Amino acid sequence: MTDYPGMIDAIPQIRQALASLNTTLPYTISEQWPRAAITGNLITVTEITNTSTGWRCVDDLAYQIDVWAAEADAVRELTPLVNDALLRIGFRRTASQPLDRYDKNGGYFRKALRFGRKIDKRFMRLID
């Protein structure tokens, strides 16, 4: 029996970090991609990887954060703030996709960022 959790879910900490972005733009945080036309600005959090490693006390985590908005400028303003929020809690950016334009559901822009790191479950610390 170990005194650390068998599986880690960092989404609550990520949502908390994203909830306090230093911006005047209103936005909503969700774990679900939009299924209809979006209203306002949206940030989605998706778990990409949550795997065990060769050590029982270390897991490998990765999350994708998508920034959605009707205007490209809103995406460009929110993206660096999202990046800074995830870096502050210890994640590292592993990928950034170009700004995309989607024409379905009323049309919107989207920027995807991926973050990841290993976590030492004994101390709940992100490590390399």
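Quick caveat: nothing in here was measured; it's all calculated off a predicted structure. Starting afresh in each chain, residues are numbered from 1 along the sequence in its written order. Residues qualify for local features only when their pLDDT is at least 70, as the model is predicted, and side-chain atom pairs are given and counted only at 80 or more; totals for whole chains, interfaces and linings, by contrast, use all residues. The side-chain numbers reported here are obtained from all heavy atoms of the structure, hydrogens and water having been left aside.

Visitor: Is there a simple way to think about the nonpolar core in this case?
Guide: In this text, buried Ala, Val, Leu, Ile, Met, Phe, Trp, Tyr and Cys residues form a nonpolar core when linked through side-chain atoms within 4.5 Å. Classification of residues uses two cut-offs on accessible area relative to the type maximum, computed with a 1.4 Å probe and protein chains only: under 20% is buried, over 50% is exposed, and between them is partly exposed. Judged by nonpolar contacts, the single largest core of 29 residues is most densely connected at Ile14, Leu18, Leu21, Ile65, Val82, Leu86 and Phe91. The set of elements that each furnish at least two residues to this core consists of helix H1 (11-19), strand S1 (27-30), strand S2 (41-52), strand S3 (58-69), helix H2 (72-88) and strand S6 (108-120). Helical segments are the DSSP runs of H or I of at least four residues, strand segments are the runs of E of at least two, and each set is numbered from the N terminus. Considering every element that reaches this core, the biggest residue donor is H2, with seven residues.

Visitor: How should H2 be read in this particular structure?
Guide: At 3.6 residues per turn, the α-helix brings residues three or four places apart onto the same side. One fewer than the residue count of a helix, multiplied by 1.5 Å, yields its expected span. Look at H2: 25 Å from first C-alpha to last across 17 residues, which is about the 24 Å you get at 1.5 Å a residue. Residues of H2 that are buried: Ala72, Ala74, Val75, Leu78, Thr79, Val82, Asn83, Ala85 and Leu86. Any two residues having at least one pair of non-hydrogen atoms within 4.5 Å are treated as being in contact. Turning to H2, the residues buried within the fold contact H1, S1, S2, S3, strand S4 (92-96) and S6.

Visitor: Hey, could you run me through the packing of H1 against H2 in this one?
Guide: Axes are the key here: two packed helices are described by the angle between their axes and the distance separating the axes. Fitted lines through C-alpha atoms give the axes, limited to the stretch in contact for helices. The angle between two N-to-C directions lies from 0 to 180 degrees. In contact at an axis separation of 9 Å, H1 and H2 are set at 130° when each is read in the N-to-C sense. On the basis of the axis angle, H1 is oblique to H2. The two elements H1 and H2 meet at a crossing, and its hand is right-handed. Residue-level contacts link Ile14, Ala17 and Leu18 of H1 to Val82, Ala85 and Leu86 of H2. Residues are sorted three ways: Asp, Glu, Lys and Arg are charged, Ala, Val, Leu, Ile, Met, Phe, Trp, Tyr, Cys and Pro are nonpolar, and all the rest, Gly among them, are polar. Looking at side-chain class alone, the contact of H1 with H2 contains six nonpolar, no polar and no charged residues. Note on terminology: angles under 35 degrees are roughly parallel, angles over 145 are roughly antiparallel, angles of 65 to 115 are roughly perpendicular, and the others are oblique. The hand of a helix crossing depends on one turn: near helix anticlockwise from the far one by less than a right angle means left-handed, and clockwise means right-handed.

Fair warning: the whole summary comes from geometry, so function is off the table for now.
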